[in-house]
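Tertiary structure, described
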Amino acid sequence: MNISIIGAGYVGLSTGLVLASLGNEVFFIDTDKEKVKRLKKGRLPFQEPLVEELLRIGIKNNSVKFDFTYSGTIPKSEIVFICVSTPPKVNGEADLRYLKNAVKEIAKNLSKKFITIVIKSTVPVGTAGWVRKFLKRTGKNNVAVISNPEFLREGKAVEDTLMPDRIIIGSDSSRASKFLIDLYNPIVKQTFENIIEERSDDEIPLVLTTNESAELIKYASNAFLTTKISFINEIANIAENIGADISDVARGVGLDPRIGDKFLNAGLGWGGSCFPKDTRALHQVAGNSGYMPVLLKAVIEVNNEQKYRFLHKIVENLGGEVSDKTIAVFGLAFKADTDDVRESPGIEIINRLEEIGAKIRAFDPMAVENAKLLFKNRNVELYKDPYEAVKTADVLVITTEWSQFKNLDLNKLKKLLKRAIIIDGRNLFNPAQMKKAGFKYISVGRK
Ligand code: UDX
């Protein structure tokens, strides 16, 4: 099929390059000319190993093209995917500016033939309805609008696209739905070749529904996951007060298959480009609809509070004053295996510590370059070597769940730190072992 992808960001590139690898011809349109130039040379704007490989293959076999204008590609396309970002406004609502611009540009360039517009960007309920009305008003009737939300995780973009838990298709056009079902057939049937070795044993479930339900499924899924994390963090805080161990509690709770053991890791809370934005947006969508979402409000509050509790632990363990202290922070990315620092809990901890006068020496296995842009002219030094970062520091603080941190040489760390204190916001180590290794070790929800 001939496909256009509007927005060569994380979702757009991952989706488009996977579709190209399945035998489709894919045109990417992005208004950022520099990005388009770099992509044409095979350079990704973010780190994601398999996506980079697919980009190289797509360029080599001519199945992917990049442009910053719509006119060359839209008239030729059978399907157009909208994958532009929907960043939060100050009030938490999703900003639909880029999406609306994309729709206007698509409308200007539509030919007479039938075309399916697929909204992959995470959007408030009612957005597909708006797009449909807009196109009708501009006299474009041979168009269908599908809501097909994306659930991929950073660091697992290709696997999640090829082996998703489900595919959601919200539509009012059976003709357009059929197009999309055909397009996704190698994924649903797990018959794709050569990209990844793994396959799901079962067919991927397809949920065919209305646009509104599809839009809500995306928000509800992310909000459920943030609820799960905020819930376990609240239990961790209770565990701390009553002397229970949150790791054992989470294991015991998660063994109930109705609950499940995923997303029950207590710690500093959730961050990233999706969870904070989408949970706040759903809160706002609910309010606009006339419903006060009490639970969502609490989920957001627990997540904010969690970082302050952790901050308090750091200050307390440094004798109540940090202005004369140097703090080593391990973890700048919002989670492990990515260089993404957007709404990273670690960055927020650094910001607050710096505000109260601490000197920061930070390390991250992947995110140092991205963090540099945030810390220009600040009292924050960034290191690519963990042992360099802890030199002369009074304490080591862990803010991201990188598994590499578990393999660090603890004896070396102890020698380099001024005081053998580790404050772990991701519960990476066993408290008893850390004590044995000679550390004062403080974590979340554990003694
Ligand atoms: C998330 C959703 O998982 C994905 O389905 C959606 O499409 C986009 O948002 P992502 O942002 O890549 O994906 O990150 P994810 O792995 O879900 O983690 C989000 C945050 O939650 C991270 O800050 C992570 O540290 C935190 N987290 C996750 C916890 O604190 N505890 C957990 O148990 C799991």
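The text that follows walks through the structure, step by step, so that each part is easy to find. (Residues numbered from 1 in each chain as written. Predicted model: local features only at pLDDT ≥ 70, side-chain atom pairs only at ≥ 80, totals over all residues. Heavy atoms only, no water.)

Note that Ser173 resides in the loop between strand S7 (167–170) and helix H7 (174–188). Put simply, Ser173 and Thr210 are 37 residues apart on the chain and 9.7 Å apart in space, counted from C-alpha to C-alpha. Sequence-distant contacts of Ser173, that is, excluding residues within four places in its chain, are made with Phe114 and Ala144. A distance of 3.0 Å separates the side chain of Ser173 from the backbone nitrogen of Ala176, its partner in a polar contact. (Helix = DSSP H or I, 4+ residues; strand = E, 2+ residues; numbered from the N terminus. Contact = heavy atoms within 4.5 Å. Polar contact = N/O pair within 3.5 Å; in protein donor to acceptor, adjacent residues only side chain to side chain.)

Next up on the list: the site of the ligand. If you check the shell around the ligand, you find 20 residues, and the closest are Phe151, Glu154, Asn265, Phe334 and Glu401. Surface burial for the ligand is 93%, taken as the share of its 670 Å² of free accessible area covered by protein chains. Ranked by residues supplied to the shell around the ligand, first place goes to helix H8 (residues 211–242) with 3 residues. Its residues assigned to classes, the shell around the ligand comprises 9 nonpolar, 4 polar and 7 charged. (Near = heavy atom within 4 Å. Areas by Shrake-Rupley, 256 points an atom, 1.4 Å probe, with all protein chains shown as cover. Nonpolar A, V, L, I, M, F, W, Y, C, P; charged D, E, K, R; others polar.)

Turning our eyes to something else, we now look at the nonpolar core. Ile314, Ile327, Phe330, Leu332, Ile360 and Leu396 are the most contacted members of the largest nonpolar core, which has 58 residues in total. In terms of nonpolar packing, the next biggest core, distinct from the first, is built from 44 residues, Val64, Phe66, Cys83 and Leu183 among them. (Core = buried A, V, L, I, M, F, W, Y, C linked by side-chain atoms within 4.5 Å. Buried < 20%, exposed > 50% of the residue type's maximum accessible area, 1.4 Å probe, protein only.)

Right, let's get into the packing of H8 against helix H11 (residues 294–317). Packing of H8 against H11 brings their axes to within 9 Å, and their N-to-C directions diverge by 45°. Considered as vectors, H8 and H11 are oriented oblique to each other. Crossing hand, H8 versus H11: left-handed. Seen from H8, the contacting residues are Ala223, Thr226, Thr227, Ser230, Asn233, Glu234, Asn237 and Glu240; seen from H11, they are Leu296, Val299, Val302, Asn303, Gln306, Arg309 and Lys313. Split by residue class, the contact of H8 with H11 holds 4 nonpolar, 7 polar and 4 charged. (Axes fitted to C-alpha atoms, helices over the stretch in contact; angles between N-to-C directions. Parallel < 35°, antiparallel > 145°, perpendicular 65-115°, else oblique. Left-handed = near helix turned anticlockwise from the far one by under 90°.)

Moving on, we get to the packing of aromatic side chains. Under the definition given, this model contains 9 aromatic pairs. Centre to centre, the rings of Phe114 and Phe179 are 6.3 Å apart; their planes meet at 20°, and the pair counts as stacked. Of this pair, Phe114 sits in the loop between helix H4 (97–108) and strand S5 (115–119) while Phe179 sits in helix H7, placing them 65 residues apart in sequence. The interplanar angle of 50° and the centroid separation of 6.1 Å between the aromatic rings of Phe363 and Phe405 together place this pair among those described as tilted. (Phe/Tyr/Trp six-rings, centres within 6.5 Å; stacked < 30°, edge-to-face > 60°.)

The next subject is the pattern of salt bridges. Inspection of the entire model under this criterion finds 31 salt bridges. Of the charged contacts in the structure, one is a salt bridge between Lys178 and Asp182, with a shortest N-O distance of 3.0 Å. Taken together, the positions of Lys178 and Asp182, both in helix H7 and 4 residues apart, correspond to about one turn of that helix. Overall, the relative accessible area of 49% leaves Lys178 in the partly exposed class. Judged by relative accessible area, Asp182 falls into the partly exposed class, the value being 39%. Between Lys384 and Glu369 there is a salt bridge whose closest N-O contact spans 2.8 Å. Of the two residues, Lys384 sits in the loop between strand S11 (380–383) and helix H14 (386–390) while Glu369 sits in helix H13 (residues 368–374), which places them 15 residues apart along the sequence. You can call Lys384 exposed: its relative accessible area is 59%. (Salt bridge = Lys/Arg side-chain N within 4 Å of Asp/Glu carboxyl O.)

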